[in-house]
Amino acid sequence: MKARLLWVGLALAGSACAQTSPVGTWRNIDDKTGEAKAEIRIAEQGGALNGAITRRLAKDARPGAVCDECTDDRKGKPIDGLEIIRGARKAEGKDVWEGGKILDPENGREYTLRLTPIEGGKRLEVRGSVGPFGRTQTWVRVQ
């Protein structure tokens, strides 16, 4: 009986830890309108997190739109499926992923990235910055 309870407890703890990771699908919200703009799937590859737009939700999203403003290998690539997060790694001893970059496909700029799960992994603080200047958005986990 004790062994069974221990196993159940470990399984529940493991699933709770998994939810505090940025891995999963997130909905980003427009800062000005409060409306959902897109869904982004974040996955881990080789210890680093990468994320791509899986679905655009904005009312004014143009079908077939491409990243005209991008200046790297993403230039001219469709916004749907576009990788916007690259290379974030878990910080030592913290529930924070940093060191990567995030792309704003509307202006083609890349920003230094920090991802911080909050509210038990239900929300994700996404901070993009250049030097001391930046902004933080709160994304919502898609269930």
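Predicted model only: the values in this text are computed from it and were never measured.

## Concerning the sheet that holds strand β5 (residues 97–104)
Okay, step 1: Pairing is antiparallel in the closed barrel, where eight strands are placed in the order β1-β2-β3-β4-β5-β6-β7-β8. On average, each strand axis in the sheet is tilted by 35° relative to the strand beside it, whichever way the strands run.
Okay, step 2: Looking at chain direction, strand β6 (residues 109–118) and strand β7 (residues 123–130) are connected through seven bridges and run antiparallel. Each residue of the ladder has a partner; that of isoleucine 118, found in β7, is arginine 123.

## Considering the pairing of β5
Okay, step 1: One ladder, built from four bridges, connects strand β4 (residues 83–90) with β5; its direction is antiparallel. Note on β5: the bridge partner recorded for isoleucine 85 is isoleucine 102.
Okay, step 2: Counted between consecutive antiparallel strands, the loop separating β4 from β5 contains six residues, among which glycine 93 sits at a positive phi close to 70°.
Okay, step 3: Judged from the seven bridges that link them, β5 and β6 form a sheet pairing that is antiparallel. Within β6, the position partnered with aspartate 104 by the bridge is arginine 109.
Okay, step 4: Where β5 folds back on β6, the antiparallel hairpin that results is connected by four residues, among which glycine 108 adopts a positive phi of roughly 75°.

## Regarding unusual backbone geometry
Okay, step 1: The backbone phi angle of glutamate 119 is positive, close to 50°, even though this residue is not glycine.
Okay, step 2: Looking at the secondary structure, you find glutamate 119 in the loop between β6 and β7.

## Some points on the state of the cysteines
Okay, step 1: In total, this model carries one disulfide according to the counting rule given.
Okay, step 2: There is a disulfide in this structure between cysteine 67 and cysteine 70, and the S-S distance comes to 1.9 Å. Disulfide cysteine 67-cysteine 70: the torsion about the S-S bond is 80°, which places it as right-handed.
Okay, step 3: Its relative accessible area of 1% is what places cysteine 70 among the buried residues.

## Re the pairing of strand β3 (residues 48–56)
Okay, step 1: Note: strand β2 (residues 36–45) against β3, eight bridges, orientation antiparallel. Bridge pairing in β3 links glutamine 45 to alanine 48.
Okay, step 2: Here β2 hands over to β3 after two residues, with glycine 46 in that stretch at a positive phi of 60°.
Okay, step 3: The pairing of β3 with β4 spans three bridges and is classified as antiparallel. Bridge pairing in β4 places glycine 51 opposite isoleucine 85.

Definitions and cut-offs
- Residues numbered from 1 in each chain as written.
- Predicted model: local features only at pLDDT ≥ 70, side-chain atom pairs only at ≥ 80, totals over all residues.
- Heavy atoms only, no water.
- Pairing = 2+ DSSP bridges.
- Helix = DSSP H or I, 4+ residues; strand = E, 2+ residues; numbered from the N terminus.
- Axes fitted to C-alpha atoms, helices over the stretch in contact; angles between N-to-C directions.
- Disulfide = S-S within 2.5 Å.
- Buried < 20%, exposed > 50% of the residue type's maximum accessible area, 1.4 Å probe, protein only.

None of this, on its own, says anything about what the molecule does.
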